[in-house]
Amino acid sequence: MSIQLKNFLADDELNKNQLLALIELAINIKNNPADYSQVLAGKSVAMIFEKPSLRTHVSFDMGINKLGGHALYLGQQNGKLGERERVSDYAKNLSRFSDAIVARVFSHDSIQGLAEHASVPVINALCDIYHPCQALADFVTLTELFTKDKVADLSKVKLAYIGDGNNVSNSLMIMAAILGVDFTLVTPVGYEAETSIIEKTQALAKASGAKLNITSDINNIGVQDVIYTDTWISMGDEDASKKAAVLAHFAPYQVNHALMENTEASVVMHCQPAHLEEEITTELFDSDMAVVFQQAENRMWAQNAVLVSLFT
Ligand code: NVA
C-alpha cells in the first residue's frame, strides 16, 4: 500500500483516504509488529528537539528501533535552530547522514524551512501551530474505542476539545474535519484558535460533512462522546508573572466529573503532560474514563505508520 507521503508536516496536507490508511496501518503495525521489524533496517533518523519531550522522544526512539532503524537525539547542544546555523544548513547537513528528520520546534517556519531544504522526509513532532503526530495517534485511539463488530465509524463520534486554542487543538480539529467527525471547540475569550486555522477547518468540515461548533461559552458544549483537554500554558508560552491570571481565566473550563456528567461523555483524552487540578482533575485523570496511556502508546504506532509509509 502506498500512502504517498513526502513529509508529515501539517494535518491539512493529508486527505481523508490517506488519514484512514495511516490509521489502519498503525493498528496493523500494533497488532503485527514483527511484520514491520526490518522496514527501517540500515536507516537512521535524526531527531531535533528544541523543546522538552517525554512521549515524543521515547515513542520515536523506541518506535524506530522496532522498525529496525536507528534514531539519534539532537537536543539543544547545537543551539536554537537558525541561530548557530541557518535552518537550511541544518537540513542540508542532516540530509547527508540521515534518512529522515523528526523535529520539535518553536516555529512552524522552521519545519517548513527544514522540509524545503532537506533531501530526506521531515516529520513535524510539534511546533507552535500543529501537533499532527498527536492527532493521528488520537484518531487511532478513537478508532480502537469506537469499533463495533469490526466496523469503525468515526462519523458517529462527537468530540469536544475544551481549553487553550493551541497546536494540539488545531491538529485535532483539522483532522476531525477531514475525517468527518463532529467537533466542538470551547476556548476562553482571548485564547481562541487563529482565524486562518478556523477558516481552513470550516472549509474541510463543509467538504466532509462534519458539524463544527466553535464557542467560548462552556454551557454551549452540548452532548458529547469524548472530551479532550490539554495544558492551559504551552511550552514557550510560560510567563510566571501571568500564571495566576491565566489559571483564574481558565478555571471555568476545567474538565472534571461534573462536566463529563453534563455532556454525557464517557471518554476523556489528554495528550499529556497533564497539569492536575488545572485543566483536568486528578480524580478524572485517574478514572476509567481516561484513555491517556492508550493515547500515549498509540503515538508510537501512529508515528511508525508515518515512517513505514515514507519508506515503502
Ligand atoms: N500544547 C502543548 C502540548 C504538549 C505535548 C505544548 O505545546 O506545550
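Above this text sits the structure in question.
Here we summarise the structure given alongside this text. What you see is a predicted model; the values in this text were computed from it and never measured.

1. Notes on the overall build of the protein chain
Thinking step 1. Check the secondary structure of the protein chain and you find 11 helices and 11 strands.
Thinking step 2. Taking 2.2 N^0.38 as the reference for a compact globule, 312 residues should give roughly 20 Å; the C-alpha atoms of the protein chain span a radius of gyration of 19 Å, in line with that estimate.
Thinking step 3. Along the first, second and third principal axes, the C-alpha atoms of the protein chain reach 55 × 50 × 35 Å.
Thinking step 4. Of all 312 residues assigned to the protein chain, the portion counted as buried reaches 55%.
Thinking step 5. Expressed as a percentage of contacts within the protein chain between residues at least 6 apart in sequence, the contacts between residues at least 24 apart total 74%.
Thinking step 6. For the protein chain, the accessible area works out to roughly 13,700 Å², and carbon and sulfur atoms hold 50% of it.
Thinking step 7. Each charge class in the protein chain can be summarised by its mean position, and for the 23 positive and 38 negative side chains these summaries are 7 Å apart.

2. Some thoughts on the packing of helix α6 (residues 167-179) against helix α7 (residues 195-208)
Thinking step 1. Here α6 crosses α7 at 20°, and the two axes come no closer than 7 Å. Regarding the angle of α6 to α7, the classification is roughly parallel. The crossing of α6 and α7 is left-handed. Two secondary-structure elements touch here, α6 through Asn 170, Met 173, Ile 174, Ala 177 and Ile 178 and α7 through Ile 197, Ile 198, Thr 201, Leu 204, Ala 205 and Ser 208.
Thinking step 2. For the contact of α6 with α7, the per-class residue count stands at 8 nonpolar, 3 polar and no charged.

3. So, the sheet that holds strand β2 (residues 70-74)
Thinking step 1. Reading across the sheet, the 4 strands line up as β2-β1-β3-β4 and stay open at both edges, with parallel pairing between neighbours. This sheet does not close on itself; its edge strands, each paired only once, are β2 and β4 (122-124). Going across the sheet, the axis of each strand differs from the next one's by a mean of 20°, ignoring polarity.
Thinking step 2. With respect to the sheet, helix α4 (residues 108-117) is in contact with β1 (44-49), β3 (100-104) and β4, its orientation differing from that of β4 by roughly 165°.

Rules used in this analysis
- All chains use their own residue numbering, which begins from 1 and follows the written sequence.
- In keeping with the predicted nature of the model, local features appear solely for residues at pLDDT of at least 70, side-chain atom pairs appear and are counted solely at 80 or more, and the whole-chain, interface and lining totals rest on all residues.
- For side-chain calculations, the full set of non-hydrogen atoms in the structure is used, while hydrogens and water are omitted.
- Counting from the N terminus, the helices are the DSSP runs of H or I reaching at least four residues and the strands are the DSSP runs of E reaching at least two.
- Our radius of gyration is a C-alpha quantity, and the globule rule it is checked against amounts to 2.2 Å times the number of residues to the power 0.38.
- Relative accessibility decides the category of a residue: with a 1.4 Å probe and only protein chains considered, values under 20% of the type maximum give buried, values over 50% give exposed, and everything between is partly exposed.
- Contacts are residue-level and defined by heavy atoms, with any inter-residue pair within 4.5 Å sufficient.
- Here the open area of atoms and residues is found with the Shrake-Rupley method and a 1.4 Å probe, where only the protein chains shown may cover a residue.
- His is not counted here, nor are the chain ends, while Lys and Arg score as positive and Asp and Glu score as negative.
- To locate a charge, take atom NZ for lysine, CZ for arginine, CG for aspartate or CD for glutamate.
- Fitting a line to C-alpha atoms yields each axis, with helices limited to the stretch in contact; the angle taken between N-to-C directions then spans 0 to 180 degrees.
- Convention used here: angles under 35 degrees read as roughly parallel, angles over 145 as roughly antiparallel, angles from 65 to 115 as roughly perpendicular, and any remaining angle as oblique.
- Here a crossing is taken to be left-handed if its near helix is turned anticlockwise relative to the far helix by less than a right angle, and right-handed if that turn runs clockwise.
- Gly falls in the polar group here, along with every residue not listed as nonpolar (Ala, Val, Leu, Ile, Met, Phe, Trp, Tyr, Cys, Pro) or charged (Asp, Glu, Lys, Arg).
- Strand pairing is assigned whenever DSSP detects at least two bridges linking the two strands.

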